[in-house]
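Observations on the three-dimensional arrangement
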Amino acid sequence: MTTAQTPELDVQPTPLALLLLGREADPKSERGVECPGDLPSPSDPDLVERARAAKEKLGDKVFVLGHHYQRDEVIQFADVTGDSFKLARDAAARPEAEYIVFCGVHFMAESADILTSADQKVVLPDLAAGCSMADMATAEQVAECWDVLTEAGIADHVVPVSYMNSSADIKAFTGKHGGTICTSSNAKRALDWAFEQGEPSATKVLFLPDQHLGRNTAVRDMGMSLDDCVIYNPHKPNGGLTADELRAAKMILWRGHCSVHGRFSLDSVNDVRERIPGVNVLVHPECKHEVVAAADYVGSTEYIIKALEAAPAGSKWAIGTELNLVRRLANRFAPEGKEIVFLDKTVCFCSTMNRIDLPHLVWALESLAEGNLVNRIEVDQETEAFAKLALERMLALP
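Attention here is on the structure that accompanies the text. What you see is a predicted model; the values in this text were computed from it and never measured.

Cut-off values and rules
- Residues numbered from 1 in each chain as written.
- Predicted model: local features only at pLDDT ≥ 70, side-chain atom pairs only at ≥ 80, totals over all residues.
- Heavy atoms only, no water.
- Helix = DSSP H or I, 4+ residues; strand = E, 2+ residues; numbered from the N terminus.
- Rg over C-alpha atoms; globule rule 2.2 N^0.38 Å.
- Buried < 20%, exposed > 50% of the residue type's maximum accessible area, 1.4 Å probe, protein only.
- Contact = heavy atoms within 4.5 Å.
- Areas by Shrake-Rupley, 256 points an atom, 1.4 Å probe, with all protein chains shown as cover.
- Lys, Arg positive; Asp, Glu negative; His and termini not counted.
- Charge placed at Lys NZ, Arg CZ, Asp CG, Glu CD.
- Phe/Tyr/Trp six-rings, centres within 6.5 Å; stacked < 30°, edge-to-face > 60°.
- Lys NZ or Arg CZ within 6 Å of the ring centre and 35° of its normal.
- Polar contact = N/O pair within 3.5 Å; in protein donor to acceptor, adjacent residues only side chain to side chain.
- Patch = residues over 30% accessible without salt bridge, like charges linked within 9 Å, V, L, I, M, F, W, Y side chains within 5 Å.
- Salt bridge = Lys/Arg side-chain N within 4 Å of Asp/Glu carboxyl O.

1. Section: the overall build of the protein chain
- Helix and strand counts for the protein chain come out as 16 helices and 14 strands.
- On C-alpha atoms alone, the protein chain measures out to a radius of gyration of 21 Å, which is about the 21 Å that the 2.2 N^0.38 rule sets for 398 residues.
- Looking at the protein chain residue by residue over its 398 residues, the buried ones come to 55%.
- Residue pairs at least 24 apart in sequence account for 69% of intrachain contacts in the protein chain once pairs closer than 6 positions are excluded.
- Entry remark: accessible area of the protein chain is about 16,900 Å², with carbon and sulfur atoms responsible for 49%.
- Taken together, the 39 basic and 59 acidic charged side chains of the protein chain have centroids lying 3 Å from each other.

Below, the structure written as structure tokens:
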């Protein structure tokens, strides 16, 4: 689907966006991942039929998961769609599927491997499909952070809470240190639980890796102040914080963010309100605090979808989340008279999510149909055990 086909979104692809979408090429900057054998050409007119044929040949042996931010050309072959945690649970609920093809990014495929049985094999069509946010917190950096907290004399009072958008290593660290995982839907419940693990006046949370979700939840949903939050920068000595600052804080926020949601600004909100009188601004909680504070509604991708489903005909909405999903929703609800626009004027695709394209999906499905297991995502047993412990704590939240 091209921007020209959906002018109502009022966005135009920039040269960089076209590069990230694979419509242009720069051999000096494009690294990608080599696929054994020949990757089908994007111009192959038979790609859709080839994907359909390979999926039909695999039958119940394959289960294809599609994240909401995937391209339309890929999402059409998904057996289920959803956010990362929903998809991982859906995979675990299909034990008869030998192959789980995850059309998403690396940390999502890791979560699916953690939650599925040992007999199931999780495949990521392009191993270059990572997540910049998840990559902002490495196991080594977080271990060093814990040493800093220990030296400040507060580690015994700190409960780690890690966002689902984190690597298996970070989830394992969280589980090993008595913490839990959260999603954008249950972050408040997770933080409530964390602060109940010790004396309320002394307990602190180390929130990984998205500072904005942690700050927005603490301030907007739990009544804390911005002064209760400090930012730990892994690229500075002691995280750029003094021991006194760490001791005074209630929320120690990791300096990470989503490159997509971080683009939205207060100017974006003000501009769309001026252009579209009566518009409802609905944003994801990974957006900056000032954007969330200026929005009318805030919620996860699932919340955004449900809000638009329940919206009255003729209502107007500006959505602050990834463009593939906004575009899909605009087309879906246009017949009902709902006007849905993208919050920003410039393209904001998730570049790594867009690496999963139809050629890679066809290559993965045809390889599996021929008996060749490719691009398997497999988490080692020790990491899996501690990561699953953290995930189970989340599942047990009231």
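2. Side note on the packing of aromatic side chains
- Applying the stated criterion to the full structure yields four aromatic pairs.
- Note on Tyr232 and Trp254: the rings are 5.3 Å apart at their centroids and 25° apart in plane angle, and the pair reads as stacked. Of this pair, Tyr232 sits in strand β8 (residues 229-232) while Trp254 sits in strand β9 (residues 251-254), and the two are 22 residues apart along the sequence. In terms of burial, Tyr232 and Trp254 fall into one category: buried.
- Ring centres of Tyr297 and Trp317 lie 5.6 Å apart, and the angle between their planes is 40°; this geometry places the pair in the tilted category. Residue Tyr297 is found in strand β11 (residues 297-298), and its partner Trp317 is found in strand β12 (residues 316-320); the two are separated by 20 residues along the sequence.
- With relative accessibility at 34%, the residue Tyr297 sits in the partly exposed group.
- Taking NZ or CZ as reference, Lys250 lies 5.5 Å from the ring centre of Phe195, over its face.

3. Details of the environment of His261
- With respect to the helices and strands, His261 occurs in the loop between β9 and α11 (266-275).
- Sequence spacing of His261 and Arg189 is 72 residues, and the spatial spacing of their C-alpha atoms is 22 Å.
- Ignoring any residue separated from it by four or fewer positions in sequence, one finds His261 in contact with Tyr69, His284, Glu286, Cys287, Gly320, Thr321 and Glu322.
- Among the polar contacts made by the side chain of His261, one reaches the side chain of Glu286 at a distance of 3.0 Å.

4. Digging into a negative patch on the surface
- Negative charge collects at one region of the surface, where Glu140, Asp169, Asp380 and Glu382 lie side by side.
- Residue placement: Glu140 occurs in helix α6 (residues 139-151).

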